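Chains, contacts and geometry: an overview
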Amino acid sequence: MSWQVANPVWRLHLSVQDIRPSRQHEAQCKALLTHWRPHGSDRLLFTAGTCFILEVTFLSGCVVFWLLDALPALFRPWQATFPKAKPQPPAALLREAWTDHFLSTFIVRPILVWLLYPAFTYCGMRIETAALPTAAAACRQLVLCILIDDTWFYWSHRWLHENRWLYGKVHKQHHRFTATTPVASEFAHPFEDLVSNTGSTVAGPLLLGSHLAIVWVYSFVKLSQTIQVRRMESGTLISTADSWLCLPICMSPCSPLNLFLIRSFARSLAYSFVDSH
């Protein structure tokens, strides 16, 4: 079964199994990609594009939830519960977290992403538009990325909690925020940030040899979910409004538009297995 959609710009041929852009659209994508590849550098495109997507996602999430807090009356009709709000983090801690974030954004992250490029290409990452996966393949890879990510993050995060030395020297930095905010999502010791946070995010795309487009989409999805979780933990969640503003691709189990229920199911199985042993 298939449909022909007449559109002067996109002219997409839609089918149940696949979404294939027209040759005109593919040529436009190639021209745009070439325009944003300085001197034909795929590595620079990978680095700049990844850093840009992560930073825009992070700042957008912070702005969205700041508006939810600044305009509570506007979103109160959608508030499911009225939990007791936790005290806001000290101003000094917030300044430290924002300073840490911008140092990471403009120095640490570009270097790390640049160094990761050979690993991604070795594992099979493609950049060409002709190698774009089908819609079905993209969905399969995103689901697998979620499962790999959840497994990696759960065990590494549990390790940081159960090992007293690691908790005191490494993970405790993250728990200096007793009332979490979006900026707390990236406030972590460099070791934790590399092993647990970055490791869990890139493991799936690396193991699957995902296309650059999948790497970018999953990076956006993962960071959006991380920011939303920090919002949930703060005790001031406006559930329906938050979930709607975070779009259906947010992986939070509380989202009414959740397309990733398999995440909650997999996590429940992992918890059950651990608790039974």
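Counting of residues starts from 1 at the beginning of each chain's written sequence and follows it residue by residue. Per-residue local features of the predicted model are confined to residues with pLDDT of at least 70, and side-chain atom pairs are confined, for both listing and counting, to 80 or more; whole-chain, interface and lining totals are unaffected and use all residues. Hydrogen atoms and water are omitted, and side-chain values are computed over all heavy atoms in the structure.

Any two side chains of opposite charge can pair, on the condition that their charged atoms come close. Salt bridge, as used here, is a side-chain nitrogen of Lys or Arg placed within 4 Å of a carboxyl oxygen of Asp or Glu. Counted under the stated rule, the structure contains 6 salt bridges. The residue Arg126 makes a salt bridge to Glu128 at a minimum N-O spacing of 3.0 Å. Summary of the burial criterion: residues with accessible area below 20% of their type's maximum are buried, those above 50% are exposed, and those between are partly exposed, where the area comes from a 1.4 Å probe applied to protein chains only. What makes Arg126 partly exposed here is its relative accessible area of 44%.

Our focus in this paragraph is the confidence of the model for the protein chain. For any part of a model where pLDDT is low, the fine detail of the predicted coordinates should not be relied upon. Confidence in the prediction for the protein chain averages 75 pLDDT; 62% of positions are at 70 or higher. Every residue is assigned a pLDDT by the predictor, reflecting its confidence on a scale from 0 to 100. Helix and strand definitions follow DSSP, with helices as H or I runs of at least four residues and strands as E runs of at least two, each counted in order from the N terminus. Mean pLDDT values over the elements of the protein chain span from 38, in helix α9 (residues 239-245), up to 95, in helix α4 (residues 91-122). Confidence over residues 233-265 falls short of pLDDT 50; this stretch has 72 contacts with residues more than four positions distant or in other chains. By definition, residues are in contact when any of their heavy atoms lie within 4.5 Å. Predicted confidence for residues 271-277 stays below pLDDT 50, and this span has 4 contacts to residues more than four positions away or in other chains.

Right, let's talk about the nonpolar core for a bit. Definition of nonpolar core: a set of buried residues of the types Ala, Val, Leu, Ile, Met, Phe, Trp, Tyr and Cys, connected through side-chain atoms within 4.5 Å. In this structure, Phe46, Phe120, Met125, Ile127 and Leu212 are the most contacted members of the largest nonpolar core, which totals 14 residues. Those elements that place two or more of their residues in this core are α2 (42-70), α4, α7 (190-208) and α8 (212-233).

A few words now on the packing of helix α5 (residues 135-162) against α7. Helix-helix packing: each pair is described by the crossing angle between the helix axes and the interaxial distance. The convention used is that axes are lines fitted to C-alpha atoms, helices contributing only their stretch in contact, and that angles between N-to-C directions extend from 0 to 180 degrees. Where α5 contacts α7, the axes come no closer than 8 Å and their chain directions differ by 155°. Taken together, α5 and α7 sit at an angle that is classed as roughly antiparallel. Where α5 crosses over α7, the handedness of that crossing is right-handed. Per-class residue counts for the contact of α5 with α7 are 13 nonpolar, 9 polar and 2 charged. In this scheme, roughly parallel covers angles under 35 degrees and roughly antiparallel covers those over 145, while 65 to 115 is roughly perpendicular and the rest are oblique. Should the near helix be turned anticlockwise from the far one by less than a right angle, the crossing is termed left-handed; should it be turned clockwise, right-handed. Following the grouping adopted for this structure description, the nonpolar residues are Ala, Val, Leu, Ile, Met, Phe, Trp, Tyr, Cys and Pro, the charged ones are Asp, Glu, Lys and Arg, and the polar ones are all others, Gly among them.

Residues form patches when they are more than 30% accessible in relative terms and have no salt bridge. Like charges link within 9 Å. Nonpolar side chains (Val, Leu, Ile, Met, Phe, Trp, Tyr) link within 5 Å. To be clear on the numbers: accessible area is Shrake-Rupley with a 1.4 Å probe, and residue cover counts the displayed protein chains and nothing else. Taken together, Leu44, Leu59, Phe102, Leu103, Phe106, Ile107, Val108, Ile111, Trp114 and Leu115 make up a surface patch of nonpolar side chains, about 940 Å² in accessible area. Elements supplying a minimum of two residues to the nonpolar patch: α2 and α4. Looking at the element boundaries, Ile107 is found in helix α4. Among the residues examined, Ile107 registers a relative accessible area of 46% and is labelled partly exposed.

Note on aromatic pairs: the rings of Phe, Tyr and Trp (six-membered ring only in Trp) are paired at centre separations within 6.5 Å, and the planes decide the class, stacked below 30 degrees, edge-to-face beyond 60, tilted for the rest. Within this structure, the stated rule accounts for 8 aromatic pairs. Where Phe102 meets Phe106, the ring centres are 6.2 Å apart and the plane angle is 15°; that geometry is what we call stacked. Note that Phe102 and Phe106 are positioned in helix α4 at a spacing of 4 residues, about one turn of the helix. For Phe102, a relative accessible area of 34% gives the class partly exposed. Residue classification places Phe106 among the exposed residues on the basis of a relative accessible area of 62%. Between Phe177 and Phe187, the ring centres sit 5.5 Å apart and the planes meet at 80°, which makes this aromatic pair edge-to-face. Here the residue Phe177 occupies a position in the loop between α6 (164-169) and α7, and Phe187 occupies one in the loop between α6 and α7, the gap between them amounting to 10 residues. For Phe187, a relative accessible area of 1% corresponds to the buried category. These aromatic residues form a ring-pair network of at least three members: Phe58, Trp98, Phe102 and Phe106.

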